[in-house]
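# Structural characterization, general
Spelled out from the first residue to the last, the chains are:
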Amino acid sequence: MKIFLDTANLEEIKKGVEWGIVDGVTTNPTLVAKEGADFKQRVKEICDLVKGPVSAEVIALDYEGMVKEARELASISEYVVVKIPMTPDGIKAVKTLSREGIKTNVTLVFSPAQAILAAKAGATYVSPFVGRMDDISNDGMRMLSEIVEIYNNYGFETEIIAASIRHPMHVIEAALMGVDIVTMPFEVLEKMFKHPMTDIGIERFLSDWKKYLEKVKK
Ligand code: E4P
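In this report, the structure presented in the accompanying data block is examined.

About the cut-offs
- Residues numbered from 1 in each chain as written.
- Predicted model: local features only at pLDDT ≥ 70, side-chain atom pairs only at ≥ 80, totals over all residues.
- Heavy atoms only, no water.
- Patch = residues over 30% accessible without salt bridge, like charges linked within 9 Å, V, L, I, M, F, W, Y side chains within 5 Å.
- Areas by Shrake-Rupley, 256 points an atom, 1.4 Å probe, with all protein chains shown as cover.
- Salt bridge = Lys/Arg side-chain N within 4 Å of Asp/Glu carboxyl O.
- Helix = DSSP H or I, 4+ residues; strand = E, 2+ residues; numbered from the N terminus.
- Buried < 20%, exposed > 50% of the residue type's maximum accessible area, 1.4 Å probe, protein only.
- Phe/Tyr/Trp six-rings, centres within 6.5 Å; stacked < 30°, edge-to-face > 60°.
- Lys NZ or Arg CZ within 6 Å of the ring centre and 35° of its normal.
- Pairing = 2+ DSSP bridges.
- Axes fitted to C-alpha atoms, helices over the stretch in contact; angles between N-to-C directions.
- Right-handed = clockwise from strand over helix to strand, strands pointing away.

## A word on a nonpolar patch on the surface
- Where nonpolar side chains cluster on the molecular surface, the patch consists of Trp209, Tyr212, Leu213 and Val216 and spans about 410 Å² of accessible area.
- Mapped onto the elements of the fold, Val216 is located in helix α11 (residues 196-217).

## Topic: unusual backbone geometry
- If you check the backbone angles, Lys51 has positive phi at about 45° while not being a glycine.
- Among the structural elements, Lys51 can be located in the loop between α3 (39-50) and β3 (54-57).
- Classification of Lys51 by relative accessible area gives exposed; the value is 56%.
- The backbone phi angle of Leu108 is positive, close to 60°, even though this residue is not glycine.

## Examining the packing of aromatic side chains
- If you walk through the whole model with that rule in mind, you get 7 aromatic pairs.
- Through a chain of ring-to-ring contacts, three or more aromatic side chains come together here, namely Trp19, Phe186 and Phe193.
- In this structure, Lys92 packs its charged tip against the face of Tyr63, placed 4.4 Å from the ring centre.

## Here we look at the sheet that holds strand β8 (residues 181-184)
- Pairing in this closed barrel of 8 strands is parallel, and the strands run β1-β2-β3-β4-β5-β6-β7-β8 around the ring. Mean inter-strand twist for the sheet, computed between neighbouring axes without regard to direction, equals 30°.
- As judged from the 3 bridges shared by strand β1 (residues 2-6) and strand β2 (residues 24-26), these two strands associate in the parallel manner. Within the sheet, the bridge partner assigned to Phe4 lies in β2 and is Gly24.

## Things to note about the pairing of strand β4 (residues 80-85)
- Within β4, 6 of the 6 residues are buried, which leaves the element mostly enclosed by the surrounding structure.
- Burial along β4 is two-sided: the residues Val80, Val82 and Ile84 and Val81, Lys83 and Pro85 are all buried.
- Here β3 runs beside β4; their pairing, made up of 4 bridges, is parallel. Residue pairing in the sheet places Ala56 in a bridge with Val82 of β4.
- Each parallel crossover has a hand, and the one from β3 via helix α4 (residues 63-74) to β4 is right-handed.
- Summarising the sheet, β4 and strand β5 (residues 104-109) pair through 4 bridges and their orientation is parallel. Paired with Ile84 across the strands is Val106, a residue of β5.

And the structure:
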């Protein structure tokens, strides 16, 4: 399972990359706006740091506009993956871009039907939004598992990115169903390290070691 960070914050990405467990990054207009940085410059900085797939989203909603923006974004770095919203024009753009060898990530996917269309268009990645489904009292994990099953049935090559992840249990459930990638906020990645028994264990080992040193000194 690959781990992507869902952020445009360079400090977070640096930390994740230094831990050696981050394979890529996803961004969206909200995350970039939060950083207040120049969009293209920030995409370049993230690519240079992570040296893996970095999703950057188009703003246009019409086919021509999306393809134009996608080509510009793809020219920033070999690592750029162009994020395209799940609409008829978006799917048409994905088909064109996949023929040109530009990598795409179909975003804002909320149903298996939409995920089928993304795979048919030749998307490199598809991003089902788990947490936002849960937010409206729908079962985000069920949607994800249906997409995994359908993709396995047909051997679709599009990789599934479990997105809109809220907590480590989302990560575990996605991993149990064999999802290719989970993209998560930095704070979820931090929480994955945590277990109270680990903290208690470290504390106990250190205090026993201290006692031993005091004893051998005597
Ligand atoms: C996916 O690529 C999106 O950036 C993302 O996961 C959105 O999640 P949110 O629901 O936490 O905004």
